[in-house]
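# Chains, contacts and geometry: an overview
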Amino acid sequence: MNTTDFDRFFLNDSEAGIQSFQHIIVETKQLLSKFYKGNSDAFNGVLPAEIEKEINELTLTSSDGEKPVTVLNDVLEKIVRNSIHVSHPTSMGHLHCPPLIPAIAAEMIIGTLNQSMDSWDQSSTATYLEERLIKWVSNKLALPSSADGTFTSGGTQSNYMGLLLARDFFCNKRWGWNVKAQGLPPESHKLRILCSEDAHFTVKKSAFQLGLGEQAVVTIETDECKKLNTAKLMEEIERLKSGGLIPMCVVATAGTTDFGSIDPIQEVAAIAQNHGLWLHVDAAYGGALLLSKKHFHKLAGIEQADSITIDFHKQFYQPISCGAFFVKDRANFKYIAHHADYLNPENDEEDGLVHLVSKSVQTTRRFDALKLFMSLRIVGEKNFANMIDYTLHLAKQAAGVMDQHPQIEVCNIKPEINAIVFRFNDAASDSLNELNTYIYKKILYTGTALVAKTKVKDEVFLKFTLLNPRTTIVDIEDILHSISQFAAEYENRGITQ
Ligand SMILES: *Cc1c(COP(=O)(O)O)cnc(C)c1O
């Protein structure tokens, strides 16, 4: 055995390294191109048990290594073919976007460089590029110059960070209590976080992870447009206070996961300010409107938030994972900072070295900023804006078409972003829940499209999330046609069985 035997396993200056790198990249490129050329569906409809069987039958490891083509062939046949194809125009289930081509290429560079964002000596240039993109988004959102932020793994982590800073800031302000050093204060069971009933479940999940319990989250009714009702918010704050409880934070959602509705951020900000509450804006979905001149106004008030969540792996078309968290006052990052001698000693920061671990709840962290950077440069801001504007226009048009359909009941006839919640409502059917569940499964397992299933007031509804700018109104009409057929099939099932 000789160390040069390992040259071919890594990208390095040896001929063997370069050759094996180029070989596998060319093969991978061919595999994906071949697949996409022949692929006509968002999903092949293979049943879960069959997919599980195929995966269980895969050879998992090898002793001496196999040829890339052998393994890639298994990847194509067992994995790629049975995958959900998010770039297909009829893939409109979840907030799950088609990834941009420059970002796919960036993923290869991210993996190759394998920078880690925690300390400057593991991420030299990457540190500054991430900082510039954070600044770019902050400027777009018109945040004050005291603002700062960090890339995150997504909305879950960003919401968690928002509530963590809210808790620690509040305990410090109210009781001079240092949660980082002392743990939770004696009154912590009285702390309350307010959000709408349509806010993301990670608000509750963060609350229990932060030791406040789910009881800390008080949900406020939404109006008929699924937006937080601010009159009810004020009532609730007063009711909590008079009951001896302690409201500390309000979460406004800019783009709820199901309906895409945007809470009245400006009004919520004023209420939060009056009552000395931290304002977190969860713009995981709606944050992308900052790319659109036409729709940016819908985010008005976001610049007043104490903290903000934005996901780039939703409507910024980035491959998973890619998100960010922002704070209005960078001083508040002190609540999560910790100095480790081996990573980010305090005197380094005095010397001007930037260690981003001080602003993150992660340690080793991906250089995801590169893919957003390459996308913004190669695609261009105007094209981003056109894509966002188109999908919002499509959603409006689609909701109009659906509203005309005698048996389609649309919940949000005027979609605020690009999600439409609806169900097949045929008065003849005594169980609409069963009927719509049947339709959902038929759509999925016939490979017609990918739509999502959700509940509105305990009733089953379906959802289109129209992120893909290549989806057309004809795609929607075709799906509606299939839905009518599946519904007829359901009504007739007694006869045909
Ligand atoms: C998607 C989403 C989240 C969770 O984000 P992840 O990136 O999936 O962790 C949080 N809030 C809202 C409103 C979302 O749409």
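Data block above holds the structure.
These lines cover the structure that appears in this document, whether it is placed above or below. Everything quoted here is computed from the prediction, not taken from an experiment. (Residues numbered from 1 in each chain as written. Predicted model: local features only at pLDDT ≥ 70, side-chain atom pairs only at ≥ 80, totals over all residues. Heavy atoms only, no water.)

## Details of the pattern of salt bridges
Side-chain pairs of opposite charge can arise whenever the charged atoms involved come near each other. For clarity, the threshold we go by: Whenever a carboxyl oxygen of Asp or Glu lies within 4 Å of a side-chain nitrogen of Lys or Arg, that contact is scored as a salt bridge. Strands here are runs of E lasting at least two residues and helices are runs of H or I lasting at least four, both read from the DSSP assignment and numbered beginning at the N terminus. Burial classification: accessible surface area is computed with a 1.4 Å probe over protein chains only, and a residue below 20% of its type maximum counts as buried, one above 50% as exposed, and the rest as partly exposed.
Counted by the stated rule, this structure contains 22 salt bridges. Here Arg365 ties to Glu130 by a salt bridge, and the two come within 3.0 Å at their closest N and O atoms. Taken together, the positions of Arg365 in the loop between α11 (346–350) and α12 (369–379) and Glu130 in helix α5 (residues 124–140) put the pair 235 residues apart, joining distant regions of the chain. As far as burial versus exposure is concerned, Arg365 and Glu130 are alike and both buried. In this structure, Glu221 and Lys232 form a salt bridge, with 3.4 Å as the shortest nitrogen-oxygen distance. Note that Glu221 is positioned in the loop between β3 (217–220) and α9 (230–242) and Lys232 in helix α9, a separation of eleven residues in sequence. Residue classification places Glu221 among the partly exposed residues on the basis of a relative accessible area of 44%.

## Here we look at the environment of Lys298
The condition is simple: Contacts described as polar in this section are N or O atom pairs within 3.5 Å, which, within protein, must combine one atom able to donate a hydrogen with one able to accept it, while residues neighboring in sequence count only if both atoms come from side chains.
Tracing the sequence through the fold places Lys298 in the loop between β5 (278–283) and β6 (307–311). A residue is classified by how much of its surface remains accessible, and Lys298, at 22% relative accessible area, is partly exposed. Along the chain, Lys298 and Met374 lie 76 residues apart, while their C-alpha atoms are 27 Å from each other. Within the structure, the side chain of Lys298 is placed 2.8 Å from the backbone oxygen of Glu416, a separation counted as a polar contact.

## Some remarks on the pairing of β3
In summary, the side chains of a regular strand alternate between the two faces of the sheet. To keep it simple, the criterion reads: When DSSP finds two or more bridges between a pair of strands, those strands are recorded as paired. Crossover handedness is defined here as right-handed if the route from the first strand over the helix to the second strand goes clockwise, with the strands pointing away from the viewer.
Summarising the sheet, strand β2 (residues 191–196) and β3 pair through four bridges and their orientation is parallel. Bridging across to β3, Ile193 finds its partner in Val217. Between β2 and its parallel partner β3, the chain crosses via helix α8 (residues 202–209), and the hand of that crossover is right-handed.

## What about a nonpolar patch on the surface?
Just so we agree on the cut-off: Surface patches are drawn from residues lacking salt bridges whose relative accessible area is over 30%; two like charges belong together within 9 Å, two nonpolar side chains (Val, Leu, Ile, Met, Phe, Trp, Tyr) within 5 Å. The protein chains shown are the only cover counted for residues, whose accessible areas, like all others here, come from Shrake-Rupley with a 1.4 Å probe.
A cluster of nonpolar side chains, Met1, Phe6, Phe9 and Phe10, forms an exposed patch at the surface whose accessible area comes to about 530 Å². One can find Met1 in the segment before α1 (15–38). Look at Met1 and you get exposed, because its relative accessible area is 84%.

## So, the site of the ligand
The condition that has to hold: Throughout, the term near means that a residue has one or more heavy atoms lying within 4 Å of the molecule or strand in question. The residue classification treats Ala, Val, Leu, Ile, Met, Phe, Trp, Tyr, Cys and Pro as nonpolar and Asp, Glu, Lys and Arg as charged. All others, Gly included, are polar.
The ligand sits among 13 residues. The nearest are Thr156, Asp282, Asp311, His313 and Lys314. Contact distances for the ligand include 2.5 Å between an oxygen atom and a side-chain N or O atom of Thr156. The side chain of His313 places a nitrogen or oxygen atom 2.7 Å from an oxygen atom of the ligand. Contact with the protein chains hides 85% of the accessible area of the ligand, taken as 380 Å² for the molecule alone. Here the element with the most residues in the shell around the ligand is helix α6 (residues 155–175); it accounts for three residues. Residues belonging to the shell around the ligand are distributed by class as follows: two nonpolar, eight polar and three charged.

## Looking at unusual backbone geometry
Note the cis peptide between Ile320 and Ser321, where omega equals 0°. Despite not being glycine, Asn114 shows a phi value in the positive range, around 45°. With respect to the helices and strands, the residue Asn114 is situated in the loop between α4 (101–113) and α5. By relative accessible area, Asn114 is classed as exposed at 62%. If you check the backbone angles, Asp458 has positive phi at about 70° while not being a glycine.

Scope: geometric values only; no functional claims are made or implied.
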